[in-house]
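Commentary on secondary and tertiary structure
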Amino acid sequence: MMAAVIAWLRAFAAFWYDFVVGDDWRVAVGVACALAITYGVSRTTIPAWWILPLAVVLLLPLSLWRVARSKSR
Amino acid sequence: MTHGALFFAVFIACTVEAVEATTIVLAAGTAREWRSATIGLLGALVVLAGIVAVLGPAVSSLPLRGLRLIVGALLLVFGLQWLRKAILRATGFKAVHDEQRIFADEIAAAHAAPRQERGFVGDWYAFTLSFKGVLLEGLEVVFITLTFGTNEHDIGLASIAAIAAVVVVAAIGFAVRAPLARVPENAMKFVVGIMLTGFGTFWGAEGAGAQWPGNDAALPVVVAAVALFAFGLVVMLRRVAPSPLAETAADQVSVAGHR
């Protein structure tokens with residue numbers, strides 16, 4: 001019974017991880033970091049709107065590059 | 001964001017999900033048993049309605065800034081994943097999504113699976129295949145509808161767009177009783193990836209406390225910039241693409257993008 005519950009919980013967690021995070025966890029971590037930096041900068045007098053676009057410009061090519069490099073080998 | 005833009009964004013995103021769900025239900029019904037596949041479809045719709053009933057008021061009651069932070073973060077992660085896959089497909093690094101092939105694979109797997117009766121469900125395989133497919137794709141429809149609708153204070157219009165997309169796709173799918181292979185799904189996924197990334201960037205930054213130059217007028221600029229950047233990446237990756245398939249796929253996306 002306990003084993004079945006654990007297996008169900010694992011499957012449930014795996015489903016939500018796959019649903020939210022997807023294939024590349026680094027993208028999710030990068031977005032979380034960029035949002036945290038945006039929040040920090042927004043508390044100062046420096047404009048903070050550019051941080052998330054910059055994160056996109058960095059994260060997307062990096063994620064693509066990882067796949068391209070592994071496929072090109 | 002205008003009403004038209006909200007409707008278009010939700011409609012196109014939900015159309016993509018509906019096409020995938022329809023392919024799975026059609027495969028379950030055609031290869032196995034329509035009654036069990038239909039029970040699976042209805043069961044998933046009941047679960048989705050329950051999720052909407054619970055999540056809808058909860059999401060609506062969140063303060064707008066907190067909502068935009070959470071929704072922006074999720075949309076941005078979703079959007080980057082969609083865009084990543086779309087770019088990889090457009091450049092030949094990943095196989096192009098082919099509903100015809102997926103349908104054939106599902107049919108072959110369905111023919112091979114043993115028949116099992118459980119309760120009032122005559123064919124458990126057809127039931128679970130249909131239930132899981134509709135629930136998974138439906139969750140994304142619910143997420144997109146709730147987040148876009150709540151952010152723009154128009155859940156009604158977002159719901160109408162989502163229901164319209166599902167009804168149109170399901171009606172066509174069940175009328176022709178075949179996978180909707182002629183829907184330009186890969187190009188649509190590319191567009192949805194751009195929209196999710198653009199909206200996620202805009203709302204996420206706002207939720208985290210940033211103020212965009214020009215306020216709401218910055219949103220279309222962000223979406224356009226994401227689109228340009230994504231097409232630029234397609235062009236760059238095509239140069240190192242692994243197969244001739246890349247040019248065909250990228251051409252499809254380029255053509256669709258200019259329509």
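Our focus in this paragraph is helix α3 (residues 64-90) of chain B. The end-to-end C-alpha separation of α3(B) is 36 Å, in line with the 39 Å expected for 27 residues at 1.5 Å each. Downstream of α3(B) by one or two residues, B:G92 has phi in the positive range, about 85°.

Here we come to the interface of chain A and chain B. In this assembly, 30 residues from chain A lie in contact with 30 residues from chain B. For the side of chain A that touches chain B, the secondary structure elements donating two or more residues are α1 (2-20), α2 (25-42) and α3 (51-72) of chain A. At 13 residues, α3(A) tops the list of elements feeding residues into the side of chain A that touches chain B. In the side of chain A that touches chain B, the residues fall into 21 nonpolar, 5 polar and 4 charged.

In this section: the nonpolar core. Side chains that are nonpolar tend, in soluble globular proteins, to be buried together. Counting residues in hydrophobic clusters, the biggest one holds 88 residues, and the most contacted among them are A:V31, B:V10, B:C14, B:A28, B:V77, B:I87 and B:M195. Ranked by residue count, the leading element in this core is α3(B), at 15 residues. Excluding residues within four positions of it along the chain, B:C14 makes contact with B:V141, B:I144, B:A161, B:A162, B:A165 and B:V166.

Turning next to unusual backbone geometry. Residues and elements named next belong to chain B. Phi at H153 is positive, roughly 55°, even though this residue is not glycine. Mapped onto the elements of the fold, H153 is located in the loop between α5 (124-151) and α6 (155-176). Although it is not a glycine, N215 sits at a positive phi angle of roughly 50°. With respect to the secondary-structure elements, N215 resides in the loop between α7 (185-207) and α8 (218-238).

Residue and element names in this part refer to chain B. Their axes nearest at 9 Å, the elements α3 and α8 cross at an angle of 35°. The chirality of how α3 crosses α8 is right-handed. Here α3 contributes L83, I87 and A90 to the contact with α8, which in turn contributes A230, L233, V234 and L237. A breakdown of the residues in the contact of α3 with α8 according to their chemical character gives 7 nonpolar, no polar and no charged.

With 97% of its residues at a pLDDT of 70 or more, chain A shows a mean pLDDT of 88. Taken element by element, chain A is modelled with least confidence in α1(A), mean pLDDT 82, and with most confidence in α2(A), mean pLDDT 94.

All right, on to the packing of helix α1 (residues 3-31) of chain B against helix α2 (residues 34-61) of chain B then. When two helices pack together, you describe them by how their axes are tilted relative to each other and by the distance separating the axes. Residue and element names in this part refer to chain B. Taken N-terminus to C-terminus, the directions of α1 and α2 make an angle of 150°; their axes are 7 Å apart at the nearest point. If you check the angle between α1 and α2, you find them roughly antiparallel. Residue-level inspection shows V25, A28 and G29 of α1 in contact with α2, the latter providing W34, A37, G40 and L41. Of the residues belonging to the contact of α1 with α2, the class tally is 5 nonpolar, 2 polar and no charged.

Parameters at a glance
Residues numbered from 1 in each chain as written. Chains lettered and ligands numbered in written order. Predicted model: local features only at pLDDT ≥ 70, side-chain atom pairs only at ≥ 80, totals over all residues. Helix = DSSP H or I, 4+ residues; strand = E, 2+ residues; numbered from the N terminus. Expected span 1.5 Å × (residues − 1). Contact = placed C-beta atoms within 7 Å. Nonpolar A, V, L, I, M, F, W, Y, C, P; charged D, E, K, R; others polar. Core = buried A, V, L, I, M, F, W, Y, C linked by C-beta atoms within 7 Å. Buried ≥ 20, exposed ≤ 12 C-beta atoms within 10 Å, placed from the backbone. Axes fitted to C-alpha atoms, helices over the stretch in contact; angles between N-to-C directions. Left-handed = near helix turned anticlockwise from the far one by under 90°. pLDDT = per-residue confidence, 0-100. Parallel < 35°, antiparallel > 145°, perpendicular 65-115°, else oblique.

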